[in-house]
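Listed here are the chains, written in short residue letters.
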Amino acid sequence: MTQAVYQWVRNLAVYYIILTALMHIMPNSQYGRYIRYFMGILLILILASPLFNLLHLEERMNELFHKKMLEEEFWQPQWGQMQEEAQAQEYYMQAYEQEVADRIRESLDGILGEACKVLEVRVHMEIEGESGKLCVGAVQIWLSGAENQWMRERVENELGESYEITRERLELFFEEMG
């Protein structure tokens, strides 16, 4: 805990050193307000970082950012995918499904820890009707150990919050080890 406080204070000190240096090396004061605006936003993020760490918001924001970035890359024409080419679309869809499955596995490994091991994750993506938005159609997850209601609820809540996966689209399988 004290290490986190020291790191936070160190970040604030570095922030003020950089701010002071930028304000002194500016040849013209007309850019000063832009630098103060940008640095003000950065200060807000630095001050809020303990709250982000406490609520684990940083990991969730990173997951959401990565998910949106993958969706954007999927629909970009420079990615080499043309809407008419079903074969190319299928290839990219499988790559996207694998990436989402890997992200879900990492997320579950983090929240379940040593209590349970993720054996396999399969994801099936779908394109929503008229909107054309990519969404999770179905997820199948195999976990080690006996079926546990607490673990089931924990996994359902995590996937519901982070990946917008409803309970109807999620199948959990528990396998006894031994």
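The structure displayed is predicted, hence computed values, not measured ones. (Residues numbered from 1 in each chain as written. Predicted model: local features only at pLDDT ≥ 70, side-chain atom pairs only at ≥ 80, totals over all residues. Heavy atoms only, no water.)

**Looking at the packing of aromatic side chains**
Okay, so step 1: Counted according to the given criterion, the structure contains two aromatic pairs.
Okay, so step 2: Between Tyr 15 and Tyr 16, the ring centres sit 4.9 Å apart and the planes meet at 75°, which makes this aromatic pair edge-to-face.
Okay, so step 3: With relative accessibility at 5%, the residue Tyr 15 sits in the buried group.
Okay, so step 4: Overall, the relative accessible area of 44% leaves Tyr 16 in the partly exposed class.
Okay, so step 5: Between the aromatic rings of Trp 142 and Phe 173, the centroid separation amounts to 5.0 Å while the plane-to-plane angle is 20°, which identifies the pairing as stacked. Separated by 31 residues along the polypeptide, Trp 142 in strand β2 (residues 134-144) and Phe 173 in strand β3 (residues 170-175) bring together distant segments of the chain.
Okay, so step 6: Since its relative accessible area comes to 14%, Trp 142 is described here as buried. (Phe/Tyr/Trp six-rings, centres within 6.5 Å; stacked < 30°, edge-to-face > 60°. Buried < 20%, exposed > 50% of the residue type's maximum accessible area, 1.4 Å probe, protein only. Helix = DSSP H or I, 4+ residues; strand = E, 2+ residues; numbered from the N terminus.)

**Topic: the environment of Lys 67**
Okay, so step 1: Along the chain, Lys 67 turns up in helix α3 (residues 57-75).
Okay, so step 2: Residue Lys 67 is classed as buried on the basis of its relative accessible area of 14%.
Okay, so step 3: When the C-alpha atoms of Lys 67 and Tyr 163 are compared, they prove to be 8.3 Å apart, with 96 residues separating the residues in sequence.
Okay, so step 4: Among residues more than four places away in sequence, those in contact with Lys 67 are Tyr 96, Tyr 163 and Glu 164. (Contact = heavy atoms within 4.5 Å.)

**Quick notes on the side chain of Glu 156**
Okay, so step 1: If you trace the backbone, Glu 156 turns up in helix α5 (residues 149-163).
Okay, so step 2: A polar contact of 3.0 Å, which involves the side chain of Glu 156, links it to the side chain of Arg 167.
Okay, so step 3: Setting aside anything within four residues of it in sequence, one finds Glu 156 in contact with Arg 167 and Leu 170. (Polar contact = N/O pair within 3.5 Å; in protein donor to acceptor, adjacent residues only side chain to side chain.)

**Details of the confidence of the model for the chain**
Okay, so step 1: Of all residues in the chain, 90% have pLDDT values of 70 or greater, and the mean over the chain is 80.
Okay, so step 2: Considering each helix and strand of the chain separately, the mean pLDDT is smallest for α3, with a value of 77, and largest for helix α1 (residues 2-25), with 87.
Okay, so step 3: Predicted confidence for residues 79-83 stays below pLDDT 50, and this span has ten contacts to residues more than four positions away or in other chains. (pLDDT = per-residue confidence, 0-100.)

**Concerning helix α2 (residues 32-55)**
Okay, so step 1: The end-to-end C-alpha distance of α2 is 34 Å, a good match for the 34 Å that 24 residues give at a rise of 1.5 Å each.
Okay, so step 2: Residues of α2 that are buried include every one of Gly 32, Ile 35, Met 39, Leu 43 and Ile 46, and no others.
Okay, so step 3: Packed against the buried residues of α2 are α1.
Okay, so step 4: One or two positions beyond α2, positive phi appears at His 56, with a value near 55°. (Expected span 1.5 Å × (residues − 1).)

**Some thoughts on the pairing of β3**
Okay, so step 1: Of the two faces of β3, the one lined by Leu 170, Leu 172 and Phe 174 is fully buried and the one lined by Glu 171, Phe 173 and Glu 175 carries no buried residue.
Okay, so step 2: Bridge analysis of β2 against β3 gives six bridges, and the strand direction is parallel. Within the sheet, the bridge partner assigned to Ser 144 lies in β3 and is Glu 175.
Okay, so step 3: In the classification by handedness, the crossover that spans β2, the intervening α5 and the parallel β3 is right-handed. (Pairing = 2+ DSSP bridges. Right-handed = clockwise from strand over helix to strand, strands pointing away.)

**Looking at the side chain of Glu 97**
Okay, so step 1: As for its position among the elements, Glu 97 is in helix α4 (residues 86-112).
Okay, so step 2: Although Glu 97 is buried, it makes no salt bridge; Arg 122 carries the closest opposite charge, 10 Å away.
Okay, so step 3: Once residues lying within four places of it in the same chain are set aside, the contact partners of Glu 97 are Val 123, His 124 and Met 125. (Lys, Arg positive; Asp, Glu negative; His and termini not counted. Salt bridge = Lys/Arg side-chain N within 4 Å of Asp/Glu carboxyl O.)

**Focus: a nonpolar patch on the surface**
Okay, so step 1: Residues Tyr 37, Phe 38, Ile 41, Leu 42 and Leu 45 make up a contiguous nonpolar surface patch of roughly 510 Å² in combined accessible area.
Okay, so step 2: Along the polypeptide, Phe 38 turns up in helix α2.
Okay, so step 3: Given the relative accessible area of 52%, Phe 38 is considered exposed. (Patch = residues over 30% accessible without salt bridge, like charges linked within 9 Å, V, L, I, M, F, W, Y side chains within 5 Å. Areas by Shrake-Rupley, 256 points an atom, 1.4 Å probe, with all protein chains shown as cover.)

**A few points about α1**
An α-helix turns once every 3.6 residues. As a result, residues three or four positions apart point the same way.
Okay, so step 1: Compared with the 34 Å implied by 1.5 Å per residue over 24 residues, the 35 Å span of α1 between its first and last C-alpha is a close match.
Okay, so step 2: Packed against the buried residues of α1 are α2.

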